[in-house]
Amino acid sequence: SSGINAEWPLRPGAQSHITRQARRLYLGNIPFGTTEDAMTEFFNKQMKDCGLSCAAGNPVIATQINFERNFAFLELRSVEETTNCLAFDGINFMGQTLKIRRPNDYKPLPSNNPRGPSLTHIPGIISTFVEETPHKLFIGSLPQHLNEDQVKELLTSFGQLKSFTLVKDSGTGESKGYAFCEYMDHKNTDQAIEGLNGMALGEKKLIVNRAGAGKNNNSNATGLPIPISGMDIVSSLNEATEVLCLMNMITLDDLLDDDEYRDIVDDVREECGKHGKVRNVVIPRPIDGQAVPGQGKIYVEFATPEDCKKAAGALAGRKFAQRVVVTSYFNLEKFRKRDF
């Protein structure tokens, strides 16, 4: 992080050095091939379009990129506009999610909040900075093949995200298997814990709880998965079996509509058949309007555990009818007895 402290030569006509630290922003994860002019133009347009400029003219007066270390600095004309620009943390630029922070050498001016007003939120942008609040969520035991977008898709099924970060290895850039987030509506926090904690995802079970959970917090102080309604029938086997259980794919309406039901069976058989030999597809349906064991789940029997494992790796995290697919292995004997 020593590069973040690097000083720029003072630009002619720029404001005094006293405010200069408060008028600069660090930008991480910048896309390969961008230019300083392109970034300046991009942020000037965003600031104007979102009404975050405080006067006529361009709020961003300079961009300097460190191409070797893949970061940049923005310099803005006013302290207030610099604070406003923090609202773009997490914005997509040329296919990359930008990380926007104050520089390490930043010292707030006496009248300023260290991060500026945290209430500024631009619809559609999910910040990469998850603040330390009672509503900060920890999501652990994530399969490492899931990328940021796939984890976000899983989380947004419970509500709109305010902020999200997938923790990665600084050397390789690969996921460390855990993330943090906060929802716009804090009522979604407990819903996400109840719906996701203990959920089987590939060969793992998610651990989801409040990041500050401890001795004085009853919501999973031990950090162990809490069983949730409907999850007790999911096999906890880590070894691949011949049967793959697919979840979060179908609704009750899908099961009640005969045509829709047949289409889903065909779609699942075709898609799973791309990864191995499919012997059977079973989707439990309500009987006389009454719920049955395994309802809401799809069971696919493959010829071999290897085929099943290939399909699990390919399908976990994929989208089906705008929902993120969750997978687990299921015991073959139980499947044959229809013991769901």
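Bear in mind that the values here come from a model prediction, so they are computed numbers and not experimental data. (Residues numbered from 1 in each chain as written. Predicted model: local features only at pLDDT ≥ 70, side-chain atom pairs only at ≥ 80, totals over all residues. Heavy atoms only, no water.)

## Quick look at the confidence of the model for the protein
This is how it is decided: The predictor reports its confidence for every residue as pLDDT, a score running from 0 up to 100. The contact criterion used throughout is that any non-hydrogen atoms of two residues lie within 4.5 Å.
Chain-level statistics for the protein give a pLDDT mean of 81 and a share of 83% at 70 or above. Contacts of residues 214-237 to residues separated by more than four positions or lying in other chains number 43 contacts, the stretch itself having pLDDT below 50.

## Details of the sheet that holds strand E1 (residues 24-28)
To keep things clear, this is the line we draw: A pair of strands is considered paired only if DSSP assigns at least 2 bridges between the two. A helix here means a DSSP run of H or I that spans at least four residues, while a strand means a run of E at least two residues long, and both kinds are numbered starting from the N terminus. All axes here are fitted lines through C-alpha atoms, helices being fitted over the stretch that makes contact, and every angle between N-to-C directions spans 0 to 180 degrees.
A sheet is described by the order of its strands in space; here 4 strands give the open sequence E2-E3-E1-E6, paired in antiparallel fashion. Across the chains shown, the open sheet's two edge strands, defined by having one partner strand only, are strand E2 (60-66) and strand E6 (99-101). With strand direction ignored, the average angle separating the axes of adjacent strands in the sheet is 20°. Bridging between E1 and strand E3 (residues 71-76) involves 5 bridges; their strand directions are antiparallel. Paired with Leu25 across the bridge in E3 is Leu74. Contacting E1, E2, E3 and E6, helix H2 (residues 36-49) crosses the sheet at an angle of about 140° to E2.

## Description of unusual backbone geometry
A positive phi is found at Met94, a non-glycine position, where the angle reads about 55°. Looking at the element boundaries, Met94 is found in the loop between strand E4 (92-93) and strand E5 (96-97). Of note, the phi angle at Arg338 is positive, near 60°, even though the residue is not glycine. By secondary structure assignment, the location of Arg338 is in the segment after helix H9 (332-336).

## Things to note about the sheet that holds strand E14 (residues 278-282)
Taken in spatial order, the 4 strands make up an open sheet running E14-E15-E13-E18, and their pairing is antiparallel. With one partner strand each, in any of the chains shown, E14 and strand E18 (326-330) form the two edges of the open sheet. Ignoring which end each strand starts from, the neighbouring axes of this sheet average 25° apart. In this structure, strand E13 (residues 243-247) lies alongside E18, joined through 5 bridges in antiparallel fashion. Opposite Leu246, over in E18, you have Thr327 as the bridge partner.

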